[in-house]
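Next come the chains, spelled out residue by residue.
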Amino acid sequence: MRAAVVETPGGGFTVQDVDIDRPVDREVLVEVRAAGLCHTDLTLATHGLGRFPPPVVLGHEMAGVVVATGPHVTEFTVGDHVVGCLVQWCGGCPACLDGRPHQCPHPEATLRDPGRHGPLPRLGRAGRPVTQGMGLGGFAQRALVHANQLTAVPRRLPFASAALLGCGVLTGVGSVLNGARVRAGETVAVIGVGGVGLNAVGGAAVAGASRIVAVDVQDGRLRRAREFGATDVVNSAGTDAAAAVRDLTDGGVRHAFDIVGTAATTRQALDMTALGGGVHVVGLAPGDGELTLSLPRLLLQQKRVQGLIMGAGDPRRDIPRYADLGLRGHLNLDGLVSRRIALHEIDTGYAALRDPAVARVVVTSF
């Protein structure tokens, strides 16, 4: 099959022929129809991480059609439309049994056991292994994935929109509905309204927030945020964003979501929340970031700071829910897809994401 392979960190994506194995146990073979370009994959491809040594096939926002299943798969059949998710969960630990698969300490449970199935992983090339990023490897014509990392979605949902459910939508919407549990009438600020931030804005609208303030340094992104439900916008490039948000919301918001993930933006979020408010750190910028807190101030202002991974979500519960919200017009899934590209255009697609007019780029031609 054809797959976009990263040979060396910073070397870009090159389309090559890669071998893919047959499904065993609880594995599912998926014909990939769409794969979103997430910045996390770009960071891995550029800087490299020990968990995913090259050569590696990345791509963790994927949707497609089931073409074969292992003998122990019971929840999927050939022809099902599915979405992949990077949350790797075992299904039997206390976190999984408590509905917190995003906190599962045994992600290796979704990977092939070499002691049972031979020395090669799911992907290979000329007899040598190729790393499968995050257990998915969606930048390819096909993906061989553990059933736990897949969720069925309605067939009438477009593949390009469906692919984004597995990461950007799950993270943004879930951070609002699951992590912060925003309630109707509460006020929200979202710092950084790229792909994930737009979904946080959309999630706040679904929750019934009374004021949703989008904060960014790009006017183009702020204009688009209004299309997803923002009631107010603040360009923080030349404005004290915290002061502006406090003025707009009579003293500060109940919830501030930091999608950027730097010490400066988290400090902004703290400064724009009202007494008793919550700061929810969703993004993580490259490099080490340290935040200094005044404990007396934190105590007296009764604020909380919370880190959220994958929208504190349960993919099997949340992805179908968000798909339904999209199909009923409550979430703007189609509006997230700014550009469709071919598999060999991934490098060009990531360059396009620097344009503030582009929300998400999706590979749809393999």
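See above for the structure.
Anyway, here's the lowdown on the structure attached to this text. What you see is a predicted model, and the numbers here were worked out from it, not measured in a lab. (Residues numbered from 1 in each chain as written. Predicted model: local features only at pLDDT ≥ 70, side-chain atom pairs only at ≥ 80, totals over all residues. Heavy atoms only, no water.)

Once that is clear, we can look at the pattern of salt bridges. Inspection of the entire model under this criterion finds 16 salt bridges. The partner of Glu186 in a salt bridge is Arg254, and the shortest N-O contact between them spans 3.9 Å. Here Glu186, found in the loop between α4 (159–179) and β12 (187–191), pairs with Arg254, found in strand β15 (residues 253–258); they are 68 residues apart in sequence, far enough to count as distant. When its relative accessible area of 34% is taken as the criterion, Arg254 is described as partly exposed. A salt bridge links Asp232 to Arg211, with the shortest nitrogen-to-oxygen separation between them at 2.9 Å. Here Asp232, found in strand β14 (residues 232–235), pairs with Arg211, found in strand β13 (residues 211–216); they are 21 residues apart in sequence, far enough to count as distant. Each member of the salt-bridge network shares a partner with another, and the members are Asp21, Glu27, Arg112 and Arg122. (Salt bridge = Lys/Arg side-chain N within 4 Å of Asp/Glu carboxyl O. Helix = DSSP H or I, 4+ residues; strand = E, 2+ residues; numbered from the N terminus. Buried < 20%, exposed > 50% of the residue type's maximum accessible area, 1.4 Å probe, protein only.)

Okay, the environment of Met310 next. With respect to the helices and strands, Met310 occurs in the loop between β17 (304–307) and α10 (315–327). A relative accessible area of 9% places Met310 in the buried class. If we ignore the near neighbours within four places in the chain, the residues touching Met310 are Cys85, Leu86, Val87, Gly166, Cys167, Leu170 and Thr171. (Contact = heavy atoms within 4.5 Å.)

Between its first and last C-alpha atoms helix α5 (residues 195–207) spans 19 Å; for 13 residues at 1.5 Å apiece the expected length is 18 Å, and the two agree. Among the 13 residues that make up α5, 11 are buried, leaving the element largely enclosed by the rest of the structure. Inspection of α5 places Gly195, Val196, Gly197, Leu198, Asn199, Ala200, Val201, Gly202, Gly203, Ala204 and Ala207 among the buried residues, and these make up the whole buried set. Looking at the buried positions of α5, the neighbouring elements they touch are α4, β12, β13, α6 (219–227) and β19 (360–365). Downstream of α5 by one or two residues, Gly208 has phi in the positive range, about 90°. (Expected span 1.5 Å × (residues − 1).)

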